[in-house]
Amino acid sequence: MGLTLLLCVFAGAVVVGLPVAFAMGIAAGVAFWYEGFPALITVQRTLGGIDVQSLLAIPFFVFAGEIMLHGGIARRLVRLASALVGHFKGGLAMVNIFSSMLFGGISGSAVADISALGSILVPVMKERGYRPDFAVNVTVTSSIAGIVIPPSHNMIIFAVVAGSGISVSGLFLAGVIPGILMCCSLAVAAYILSVKHNYPAEPFPGWGTVARASAEAIPGFMTAVIIVGGTLSGIFTVTESGAFGAIYAVILTSVFYRSLSWKSFITAVAGTVRTTSMVMILIAFAGAFAYLLAFYQVPAKLSAALVTVSENPIIILLMINIILLILGMIMDMAALILICTPIFLPIAIGLGMDPTQFGIMMLMNLGLGLCTPPVGTCLFVGCAVGKIRIEEALKSIWPFYLAMFSALILVTYVPAISLWLPSILAN
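What counts, and where the lines are drawn
- Residues numbered from 1 in each chain as written.
- Predicted model: local features only at pLDDT ≥ 70, side-chain atom pairs only at ≥ 80, totals over all residues.
- Heavy atoms only, no water.
- Helix = DSSP H or I, 4+ residues; strand = E, 2+ residues; numbered from the N terminus.
- Buried < 20%, exposed > 50% of the residue type's maximum accessible area, 1.4 Å probe, protein only.
- Contact = heavy atoms within 4.5 Å.
- Areas by Shrake-Rupley, 256 points an atom, 1.4 Å probe, with all protein chains shown as cover.
- Lys, Arg positive; Asp, Glu negative; His and termini not counted.
- Charge placed at Lys NZ, Arg CZ, Asp CG, Glu CD.
- Patch = residues over 30% accessible without salt bridge, like charges linked within 9 Å, V, L, I, M, F, W, Y side chains within 5 Å.
- Salt bridge = Lys/Arg side-chain N within 4 Å of Asp/Glu carboxyl O.
- Phe/Tyr/Trp six-rings, centres within 6.5 Å; stacked < 30°, edge-to-face > 60°.
- Lys NZ or Arg CZ within 6 Å of the ring centre and 35° of its normal.
- Core = buried A, V, L, I, M, F, W, Y, C linked by side-chain atoms within 4.5 Å.
- pLDDT = per-residue confidence, 0-100.
- Expected span 1.5 Å × (residues − 1).
- Polar contact = N/O pair within 3.5 Å; in protein donor to acceptor, adjacent residues only side chain to side chain.
- Axes fitted to C-alpha atoms, helices over the stretch in contact; angles between N-to-C directions.
- Parallel < 35°, antiparallel > 145°, perpendicular 65-115°, else oblique.
- Left-handed = near helix turned anticlockwise from the far one by under 90°.
- Nonpolar A, V, L, I, M, F, W, Y, C, P; charged D, E, K, R; others polar.

Engineer: What am I meant to see in the overall build of the chain here?
Structural biologist: If you tally the helices and strands in the chain, you get 22 helices and 0 strands. Overall size of the chain, expressed as C-alpha extent along the three principal axes, is 70 × 45 × 45 Å. Among the 427 residues that make up the chain, the fraction classed as buried is 53%. Counting only contacts in the chain whose residues sit at least 6 apart along the sequence, the fraction spanning at least 24 positions is 80%. With the model as given, the accessible surface of the chain reaches about 17500 Å², and the carbon-plus-sulfur share is 70%. Averaged over its 17 positive side-chain charges, the chain has a centre that lies 12 Å from the centre of its 14 negative ones.

Encoded structure:
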């Protein structure tokens, strides 16, 4: 009865339009009251979720990404990508995808990727004869690279929820090859569609232009190197790496590039405060919600239910992916990481899957959910940037869904894709 009450209150709160964080908080509060827990325990379980030192890195990661977003780094990365891959068939689509791969490694945010790169590339693609829905779909789906390619604050959330045995630096390394694989899969889909619709290739600008574009873009890309390299080398903790990365981003954009105005700085600070507040509130209430799921033995019951369907690890992992995909269509990514990790991680470990591999699989899966209706944040933002209706984008986005799902399946069933790089560099 308690579990039914928890889930029904949560579902009802979401249906009436409450934010997911508050829906979880209200549902958890009602369930604690029903079970007769003292109010002190309710508060402790809520605040305990954010009493984790690693979470201090999140505001620094977000701030560094905001500074890069408002400091003109995106345009320099676009110029580099254009010089390198613009001469392929459907060149601007390739530029879009490759720019997302570079910018995602700096900002760690899919929405920031769409806002920064979409506003630059989508209008240009339209002018060059690309269909508006194609331009938006390329932008939306490639933005997920920011979630998988480090640094990513979602990796920190997963590491905190998964427990002390999960290394953030290991997750950073594990996300590199899957992120590149996903972008390459999207590039193949974009190339095939470009050939079909005879989209143009841009002229190759020459190696001198490539060299100049690289010289302009590399200092910006060093933000990611500082954050990830500092963590992997052991020189900094994750939090310290985030802090130094943010400081470097401010100095780079305000002193070296001189592209960060005071107004843009204030906007970046406000965006950081808003995003961090949302994440911390979500983590706090999700901690109480997850405690109740464990109290009601949901992970064990769900594991038993999956085993009754099949004992084949391949089938069970496929079912987990399908469940995550469905949930990703209707709920926010961070909330699902907090709720689903305690449920599905023990099942995956029981099947012999490495926790780090499961983390990358989950991030890719839920990233795909950001591109799907009805709650696909990236899809909404991309359509707003491209000034088209969601229905128009959905009619032609399926080849990109197929490309992303193919990459997800490879990461799920081929451990080396996510674990090879950590195995040779983590130590």
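Engineer: Help me understand a nonpolar patch on the surface, please; the structure alone is not making it clear to me.
Structural biologist: On the surface, Val 15, Val 16, Leu 18, Phe 22, Ile 26 and Ile 281 cluster together into a nonpolar patch covering about 550 Å² of accessible area. Of the residues examined, Val 16 reaches a relative accessible area of 66% and is grouped as exposed.

Engineer: How should helix H8 (residues 132-142) be read in this particular structure?
Structural biologist: Every α-helical turn comprises 3.6 residues, leaving residues that sit three or four positions apart pointing alike. For H8, the buried fraction is high: 10 of the 11 residues fall into the buried class. When H8 is considered as a whole, its buried residues turn out to be Asp 133, Phe 134, Ala 135, Val 136, Asn 137, Val 138, Thr 139, Val 140, Thr 141 and Ser 142.

Engineer: Can you walk me through the packing of aromatic side chains in this structure?
Structural biologist: For any two aromatic rings, the description comes down to two numbers: the centre-to-centre distance and the angle of the planes. As enumerated under the stated definition, the model contains 15 aromatic pairs in all. A network of ring pairs unites the aromatic residues Phe 32, Phe 37, Phe 295 and Tyr 296 as a single cluster. Positioned above the aromatic ring of Tyr 257, the side-chain terminus of Arg 76 is 3.8 Å from the ring centre.

Engineer: Even after reading the chapter, I still don't get the nonpolar core, so can you show me in this structure?
Structural biologist: Within soluble globular proteins, side chains that are nonpolar tend to cluster in buried spots. Core analysis: the biggest nonpolar cluster contains 142 residues, and Met 24, Phe 134, Ile 144, Ile 320, Phe 358 and Phe 400 have the highest contact counts within it. When residues of this core are assigned to their parent elements, the largest contribution, 13 residues, is made by helix H17 (residues 333-350).

Engineer: Looking at this structure, how should I read the pattern of salt bridges?
Structural biologist: Pairs can form between side chains of opposite charge once their charged atoms are near each other. Applying the stated rule across the entire model yields 4 salt bridges. The shortest N-O distance in the salt bridge between Arg 128 and Glu 202 comes to 3.1 Å. Taken as a pair, Arg 128 in the loop between helix H7 (110-127) and H8 and Glu 202 in the loop between helix H11 (168-197) and helix H12 (207-233) lie far apart in primary sequence, 74 residues in all. The partly exposed category is assigned to Arg 128, whose relative accessible area is 38%. Under the relative-accessibility criterion, Glu 202 is labelled buried at 17%. Note that Asp 133 is salt-bridged to Arg 131, the shortest N-O span being 2.8 Å. The exposure class of Arg 131 is partly exposed, given its relative accessible area of 38%.

Engineer: Help me out: how do you make sense of the confidence of the model for the chain in this one?
Structural biologist: Low pLDDT means the predicted coordinates in that region are not meant to be read closely. With 97% of its residues at a pLDDT of at least 70, the chain reaches an overall mean of 84. Ranking the elements of the chain by mean pLDDT puts helix H15 (residues 298-309) last, at 76, and helix H21 (residues 398-413) first, at 94.

Engineer: What exactly am I supposed to notice about helix H16 (residues 313-330) here?
Structural biologist: Between the first and last C-alpha of H16 there are 26 Å, a value that for 18 residues agrees with the 26 Å anticipated at 1.5 Å per step. Of all the residues in H16, the buried ones are Ile 316, Leu 317, Met 319, Ile 320, Asn 321, Leu 324, Leu 325 and Gly 328. On its buried side, H16 packs onto H15, H17, helix H18 (355-369) and H21. Backbone nitrogen of Ile 314 and a side-chain oxygen of the N-cap are separated by 2.9 Å at the start of H16; the cap is Asn 312.

Engineer: Could you clarify how one ought to interpret the packing of H7 against H8 in this entry?
Structural biologist: A pair of packed helices is captured by two measures, namely the crossing angle of their axes and the spacing between those axes. Relative to each other, H7 and H8 sit at 155°, their axes nearing to 10 Å. Taken together, the axes of H7 and H8 are roughly antiparallel relative to one another. Both H7 and H8 take part in a crossing whose hand is right-handed. Between H7, through Asp 113, Ile 114, Gly 118, Val 122, Met 125 and Lys 126, and H8, the contact on the second element is made entirely by Pro 132, Phe 134, Ala 135, Thr 139, Val 140 and Ser 142. Residue classes in the contact of H7 with H8 are distributed as 7 nonpolar, 3 polar and 2 charged.

Engineer: How do you make sense of the side chain of Asp 133 when you look at a structure like this?
Structural biologist: Mapping Asp 133 onto the fold places it in helix H8. Within the structure, the side chain of Asp 133 is placed 2.8 Å from the side chain of Arg 131, a separation counted as a polar contact. For Asp 133, the contacting residues outside a window of four places in its chain are Ile 388, Glu 392, Ala 393 and Ser 396.

Engineer: Sorry, what's going on with the side chain of Ser 310 here?
Structural biologist: In this fold, Ser 310 is placed in the loop between H15 and H16. Accessibility expressed as a relative area gives 16% for Ser 310, which makes it buried. Within the local environment of Ser 310, its side chain forms a polar contact with the backbone nitrogen of Asn 312, the two atoms lying 3.1 Å apart. Excluding residues within four positions of it along the chain, Ser 310 makes contact with Ile 315 and Ile 316.

Engineer: Help me understand unusual backbone geometry in this model?
Structural biologist: The general pattern is negative phi for most residues beyond glycine and trans for most peptide bonds. Despite not being glycine, Asn 198 has its phi angle at roughly 55°, a positive value. Counting through the fold element by element, Asn 198 comes out in the loop between H11 and H12. Asn 198 sits in the exposed class, given a relative accessible area of 56%. Here Lys 387, not a glycine, exhibits a phi torsion of approximately 60°, which is positive. Assignment of secondary structure puts Lys 387 in the loop between helix H19 (377-386) and helix H20 (390-394).

Engineer: For this particular structure, what's the right way to read the environment of Leu 302?
Structural biologist: Inspection of the secondary structure puts Leu 302 in helix H15. Overall, Leu 302 belongs to the partly exposed group, its relative accessible area being 24%. For the pair Leu 302 and Cys 383, spaced 81 residues apart in sequence, the C-alpha to C-alpha distance is 37 Å.

Engineer: Looking at this structure, I do not really get the packing of helix H10 (residues 153-162) against H18. What am I missing?
Structural biologist: Contact geometry for H10 and H18: axes closest at 11 Å, N-to-C directions at 135°. The pairing of H10 with H18 is recorded here as oblique in orientation. Considering how the two elements wind past one another, H10 and H18 form a crossing that is right-handed. Within the contact between the two elements, H10 uses Asn 154, Met 155 and Phe 158 and H18 uses Pro 355, Phe 358, Gly 359, Ile 360, Met 362 and Leu 363. In terms of residue class, the contact of H10 with H18 is made up of 7 nonpolar, 2 polar and no charged.

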